[in-house]
Structures are given as structure tokens and as C-alpha cells.
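Inside the fold
Listed below are the residues making up each chain.
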Amino acid sequence: MSVEDRAAESATDAAKFNADVKLTVESDPSRTQFVNMTIDSVPGGADQLDGTWRGASVFVPSTGGSFHWDGRPGQDVAFLLDGATGNVTVSLLGFVGATGKLPGRGATGHGEVLDPVTKQFLDAIVWKIT
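This section reports on the structure supplied with the text. (Residues numbered from 1 in each chain as written. Predicted model: local features only at pLDDT ≥ 70, side-chain atom pairs only at ≥ 80, totals over all residues. Heavy atoms only, no water.)

1. What to know about unusual backbone geometry
Its identity as a non-glycine residue notwithstanding, Asp76 has a phi of 50 degrees, on the positive side. Looking at the element boundaries, Asp76 is found in the loop between β4 (64-70) and β5 (77-81). Exposure remark for Asp76: the relative accessible area of 24% places this residue in the partly exposed category. Residue Lys119 is not a glycine yet carries a positive backbone phi of 65 degrees. (Helix = DSSP H or I, 4+ residues; strand = E, 2+ residues; numbered from the N terminus. Buried < 20%, exposed > 50% of the residue type's maximum accessible area, 1.4 Å probe, protein only.)

2. Focus: the packing of aromatic side chains
Under the counting rule described, the total for this entry stands at 2 aromatic pairs. Taken together, a centroid distance of 6.5 Å and an interplanar angle of 90 degrees make the contact between Phe17 and Phe95 edge-to-face. Here Phe17, found in strand β1 (residues 15-25), pairs with Phe95, found in the loop between β6 (88-93) and β7 (108-114); they are 78 residues apart in sequence, far enough to count as distant. (Phe/Tyr/Trp six-rings, centres within 6.5 Å; stacked < 30°, edge-to-face > 60°.)

3. Examining the side chain of Ser62
Mapped onto the fold, Ser62 is located in the loop between β3 (48-54) and β4. Apart from residues no more than four positions distant in its own chain, Ser62 is found in contact with Trp53, Gly55, Ala56, Ser57, Asp82, Gly83 and Thr89. (Contact = heavy atoms within 4.5 Å.)

4. Here's the deal with the sheet that holds β3
Strand order in the closed barrel made by the 8 strands is β1-β2-β3-β4-β5-β6-β7-β8, with antiparallel pairing throughout. Neighbour-to-neighbour, the strand axes of the sheet open up by a mean angle of 30 degrees, direction not taken into account. (Pairing = 2+ DSSP bridges. Axes fitted to C-alpha atoms, helices over the stretch in contact; angles between N-to-C directions.)

5. Quick word on the pairing of strand β8 (residues 121-129)
When β1 meets β8, the two strands line up antiparallel, connected through 5 bridges. Paired with Leu23 across the strands is Trp127, a residue of β8. In this structure, β7 lies alongside β8, joined through 7 bridges in antiparallel fashion. Each residue of the ladder has a partner; that of Val113, found in β8, is Asp123. Counting the residues between successive antiparallel strands, the hairpin from β7 to β8 contains 6 residues, one of them, Lys119, with a positive phi of roughly 65 degrees.

6. A short note on the side chain of Asp82
Mapped onto the secondary structure, Asp82 falls in the loop between β5 and β6. There is a polar contact of 2.9 Å between the side chain of Asp82 and the backbone nitrogen of Thr85. Ignoring sequence-local partners within four residues, the contact set of Asp82 consists of Pro61, Ser62, Gly64, Asn87, Thr89 and Pro116. (Polar contact = N/O pair within 3.5 Å; in protein donor to acceptor, adjacent residues only side chain to side chain.)

7. Digging into the pairing of β7
The pairing of β6 with β7 spans 4 bridges and is antiparallel. Counterpart to Ser91 in the pairing with β7 is Glu112.

8. Looking at the nonpolar core
Ranked by size, the top nonpolar core spans 26 residues in total, and within it Phe17, Leu23, Met37, Leu92 and Phe95 carry the most contacts. At the level of elements, β1, β2 (28-42), β3, β4, β5, β6 and β8 are the ones that each hand at least two residues to this core. Leave out the neighbours within four places in its chain, and Leu23 touches Arg31, Thr32, Gln33, Val35, Phe59, Val60, Leu92, Ile125, Val126 and Trp127. (Core = buried A, V, L, I, M, F, W, Y, C linked by side-chain atoms within 4.5 Å.)

Structure representation (C-alpha cells):
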């Protein structure tokens, strides 16, 4: 493979991740909200990345911040951090696609909502990428 071919392949591997994720309270499915998660560049083969998230504060006590995704075997999680405190406010368990990649549209899983100030558990949730 030529240097030019490898450069072109690397450029196409670094795609953007942008997902709207519906969060639903397990104990009360009428309580839902959406968050948008974005990673500007996703290099091929990456299994740990950082991005940003935002959303209206419906039952998640935050409107945005950063998030960390870990797609390594046994991890498969995304932690949404509150922009004001830097503490975890949402954990999305099973947040992984095929072979350690970021999940795509239709992926679902479970998670938790935490108070970013007191760090207390607030709600068990179900998440789905729409």
C-alpha cells in the first residue's frame, strides 16, 4: 500500500460520532429525555475516546459537559460528566457496537443517573440511540 493510500485510509477512518440518545426512567417509562453526544474525530481502531454531550435538564440534573467512552472488552461504558462539577451524572452501560466500536442507531442498554454534586443514585434508566 502506498503512502498516499494509507493517508487516504486514515482520513476516512477518522469519522465523526454524533448520536441522539433517548433516556427513559425504568420505573416510569413516561419520563424520557434526550441527550446529544458528539465526538469530532473517531480514529479507526480507537477503543477509548472523549467527547461532549448536551441536553435539557429533565431528570438528569445537568445540561451538558464532557463524556468518556471506553469500548475495551469488559468495559463497554460511557460516562457523561456534568460540566459544572466534572462529576459523573449519567452512566450508559453496554455502550458499545460490534467488536469494540461505538454503538450505532438502534443500540440499547441500561444505565444510571447520579446527582453530580452529592453523587447519590437517582434513577435506573434505559438508553437507546435514535
